[in-house]
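Examination of the molecular architecture
Letter by letter, the chains look like this.
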Amino acid sequence: MWNSIDELIRMRDNKKLSEVLRTFSGFEVADLLANKSEERQLQIFMALPVDLAFEAFDFLSPKTQRYLLQSLPSSQAAYLLKSLSPDDRTAFLEDLPRETIDAFVKLLPANERLLTLKLLGYPEESIGRLMTTDYIAVMRNWTVEKVLDHIKAYGHDSETIDYIYVVDEAGKLIDDIKLKEFLFVPRSFHVRDISKGKFIALSVTEDEETAINAFRVHNRSALPVIDEDGILLGIVTIDDILRLSDEEATEDIQKIGGMEALDEPYMQVSFPELIKKRAGWLVILFLGEMMTATALGYFEGEIAKAVVLALFLPLVISSGGNAGSQAATLIVRALALEEVKLRDWWKIVKREFAAGLVLGLILGLIGFLRVVLWSQFSNIYGEHWFLLGLTIYFSLMGVVLWGTLAGSILPLILRYFRIDPATSSAPFIATMVDVVGLIIYFCVAILILSGTLL
């Protein structure tokens, strides 16, 4: 199938190409376009039937959508933009340069243009930019029959009809009622007869993370959005929350990996942009590791006297870094899921102190046994092997404890200063632990080995 399509593209047989593409779903068309050059993408898209083009456009990457809208005739580009639901259109436009937004918005009909500008007027990363105005609202004094007729007449334009929203004369939200509740009561009933006056709503100015957590807690397919006066402005649907949650998780993972978050999928990011996103943090981490070299130089005399200490240096330091990375990852994710709050900082510190102490004891015991066992069969650690074993034991305890505390506390500090906790990435924690871990290791060594190896 794919080979025949490539052949039709080369032959520019658009009529035959259109017939073949009619058998595709919108997702399959988007998958086909993702692997083609921009010129081929335009040729294929223009050969699509109108309804299939609308369906496929939703599945395309923002970069491909942008290219097609800029390349297609204005009338066709306007139809495509208008076909997007208000929330999807806002998500597409919000990351574009201002002049590009202006050019695209001008293609829309007047009413759609005003709506789009209104949604884009809400603060970045606010719920206002996530919502759609395609929903079903009814009045309390309506009969069930009138509600069902209203749904039949206007429901096809709604993003979802799982919930019907009840408002008063001023547009203030009173209730949200499941559609099925209208189906199992007499048609002569009024909305007020089945209304309980209870609802869950999002504020239009709250941030996106609030919406994600609300959907997670309440297990809803859609939630209404209100202003400070309780006026119903729109709804947020689960598809946008899933997309947003995926983007947030991807961004956090990339930051935890020690780089800036990519704005586009990996294969669509230009090579210079990829280098730019990664080089900055690598340089910062490299400069941080230079402090490790400075600290190591300070203990050069101790290393010269007891070269055996250098054998365990990577073991001790990496253990602290690994423990810190674990703690940072756990706390960053717990903060994202709102499993913990800043007010829980003391509980977290106590819990992680205990965890770091136990983990340090476990690793310290393994390190101590390593020295003991090897010393039974060789003289690699010399006559003071027991004191060396104790040095490794207590050093691992201290370094792992420090790494665990640093990894758990730093995300809380960043959140307090309204900085993304994911910035306390595993490499950053590891760099911090390396420097302090060296000091802990050699201070313990000096304390235990003075008068023997040192």
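Reading the values: the criteria
- Residues numbered from 1 in each chain as written.
- Predicted model: local features only at pLDDT ≥ 70, side-chain atom pairs only at ≥ 80, totals over all residues.
- Heavy atoms only, no water.
- Helix = DSSP H or I, 4+ residues; strand = E, 2+ residues; numbered from the N terminus.
- Rg over C-alpha atoms; globule rule 2.2 N^0.38 Å.
- Buried < 20%, exposed > 50% of the residue type's maximum accessible area, 1.4 Å probe, protein only.
- Axes fitted to C-alpha atoms, helices over the stretch in contact; angles between N-to-C directions.
- Parallel < 35°, antiparallel > 145°, perpendicular 65-115°, else oblique.
- Left-handed = near helix turned anticlockwise from the far one by under 90°.
- Nonpolar A, V, L, I, M, F, W, Y, C, P; charged D, E, K, R; others polar.
- UniProt positions renumbered as here; feature names shortened; annotations may be inferred.
- Phe/Tyr/Trp six-rings, centres within 6.5 Å; stacked < 30°, edge-to-face > 60°.

Now for the overall build of the protein. Helix and strand counts for the protein stand at 21 helices and six strands. For the protein, the C-alpha radius of gyration of 31 Å lies well beyond 22 Å, the compact-globule estimate for 454 residues. Each principal axis of the C-alpha atoms in the protein carries an extent, and together these give about 95 × 65 × 40 Å. Put simply, the protein has 454 residues, and 46% of those count as buried.

With that settled, consider the packing of helix α19 (residues 345–377) against helix α20 (residues 385–416). At a closest axis distance of 7 Å, the pairing of α19 and α20 adopts a crossing angle of 155°. Our classification of the angle between α19 and α20 gives roughly antiparallel. For the element pair α19 and α20, the recorded crossing hand is right-handed. A class-by-class count of the residues in the contact of α19 with α20 yields 24 nonpolar, nine polar and one charged.

Following the UniProt record, one finds the feature "transmembrane region" (unreviewed entry) at residues 279–299, 311–332, 353–373, 385–414 and 426–449. End C-alpha atoms of residues 279–299 are separated by 31 Å, and the span's content is 95% helix alongside 0% strand. Overall, residues 311–332 shows 100% helix and 0% strand. The separation of its end C-alpha atoms is 33 Å.

With that settled, the discussion passes to the packing of aromatic side chains. The final tally for this structure, using the stated rule, is 11 aromatic pairs. Taking 5.8 Å as the distance between ring centres and 90° as the angle between the ring planes, the aromatic pair formed by phenylalanine 27 and phenylalanine 59 counts as edge-to-face. Separated by 32 residues along the polypeptide, phenylalanine 27 in helix α3 (residues 26–34) and phenylalanine 59 in the loop between α5 (50–57) and α6 (62–71) bring together distant segments of the chain. Under the relative-accessibility criterion, phenylalanine 59 is labelled partly exposed at 46%.

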